[in-house]
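Fold and contact review
Given next are the chains, with one letter for each unit.
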Amino acid sequence: MGLIDLLIKHEGLKLEPYRCTSDKLTIGVGRNLEDCGITEDEAMYLLKNDIEKFHEELTERFYFYRYLDGARKDAMLNMAFNMGVPRLANFVNALDFMSQRKYDEAADEFLDSRWAKQVGNRAIEVAQMIRTNKYPD
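An account of the accompanying structure is given in this report. As the structure is a prediction and not an experimental result, all values here were calculated from the model.

Moving on, we come to the side chain of Asn32. If you trace the backbone, Asn32 turns up in strand E3 (residues 31–32). What makes Asn32 buried here is its relative accessible area of 18%. Here the side chain of Asn32 touches Glu34 through a polar contact of 3.0 Å, landing on its backbone nitrogen.

Right, here's the structure in full:
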C-alpha cells in the first residue's frame, strides 16, 4: 500500500462536498475547501471537464448542435454552462430558429427571456455570438 491508498483509507474519497469532523466544507480526499480552496490549475481542469460534459450533452440533445461552428457552438456551451441543458431545452422557439440557421431570430428569442434579464451583459454577448458567429471584443 502506498501513500495515496493509505490517505484514501484514512480520509475517505468523497466526490460530493461534505462537512468534516471540524465542520469544514471538504471534498475529495480530505481537501478543506474553506481554508485551502483550489488552485487555478485545478479550476481549469474542472472547467475543461465541465465543458466536455456539456458538449456531450448538447450533442446528444440537439441534433443541430454538431453542425454549429466557432462562436455559435461556444454560445450554446456558454448557456448550457450557465443554466444547464434541461433548462436550455426550454427555449423551444430559440432552439428551433437555431436549427433552421435563423440566427437573428434565435438571438432575439434568447434576449426576450427572464434568463437574459438575470444575466444582463452575458446574454447580450451570447446573443451577439449567435448572430455573428464572432466572439465579443
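There's plenty left to go through after this.
In this section: the packing of helix H6 (residues 103–111) against helix H8 (residues 121–132). When two helices pack together, their arrangement is given by the angle between the helix axes and the distance between those axes. Close contact between H6 and H8 brings their axes to 8 Å; oriented N to C, the two are set at 165 degrees. One way to sum up the angle between H6 and H8 is to call them roughly antiparallel. Of the two elements, H6 crosses H8, and the hand of that crossing is right-handed. Between H6, through Tyr103, Asp104, Ala106, Ala107, Asp108, Phe110 and Leu111, and H8, the contact on the second element is made entirely by Ala123, Ile124, Ala127, Ile130 and Arg131. Class assignment of the residues belonging to the contact of H6 with H8 gives a composition of nine nonpolar, no polar and three charged.

Okay, the sheet that holds E3 next. Read from one edge of the open sheet, three strands run E1-E2-E3, paired in antiparallel fashion. One side of each edge strand has no neighbouring strand; the edge strands of this open sheet are strand E1 (14–19) and E3. With two bridges connecting them, strand E2 (residues 25–28) and E3 associate as antiparallel partners. In the strand pairing of E3, Thr26 is matched with Asn32.

Let's shift gears to the environment of Leu95. Locating Leu95 in the fold gives a position in helix H5 (residues 92–99). Along the chain, Leu95 and Phe62 lie 33 residues apart, while their C-alpha atoms are 8.5 Å from each other. Leu95 has contacts with Phe62, Phe64, Met76, Leu88, Ala89 and Phe110, leaving out every residue within four places of it along the chain.

What counts and what doesn't
Residues numbered from 1 in each chain as written. Predicted model: local features only at pLDDT ≥ 70, side-chain atom pairs only at ≥ 80, totals over all residues. Heavy atoms only, no water. Helix = DSSP H or I, 4+ residues; strand = E, 2+ residues; numbered from the N terminus. Buried < 20%, exposed > 50% of the residue type's maximum accessible area, 1.4 Å probe, protein only. Polar contact = N/O pair within 3.5 Å; in protein donor to acceptor, adjacent residues only side chain to side chain. Axes fitted to C-alpha atoms, helices over the stretch in contact; angles between N-to-C directions. Parallel < 35°, antiparallel > 145°, perpendicular 65-115°, else oblique. Left-handed = near helix turned anticlockwise from the far one by under 90°. Contact = heavy atoms within 4.5 Å. Nonpolar A, V, L, I, M, F, W, Y, C, P; charged D, E, K, R; others polar. Pairing = 2+ DSSP bridges.

The quantities given are spatial measurements derived from coordinates; they are silent on function.
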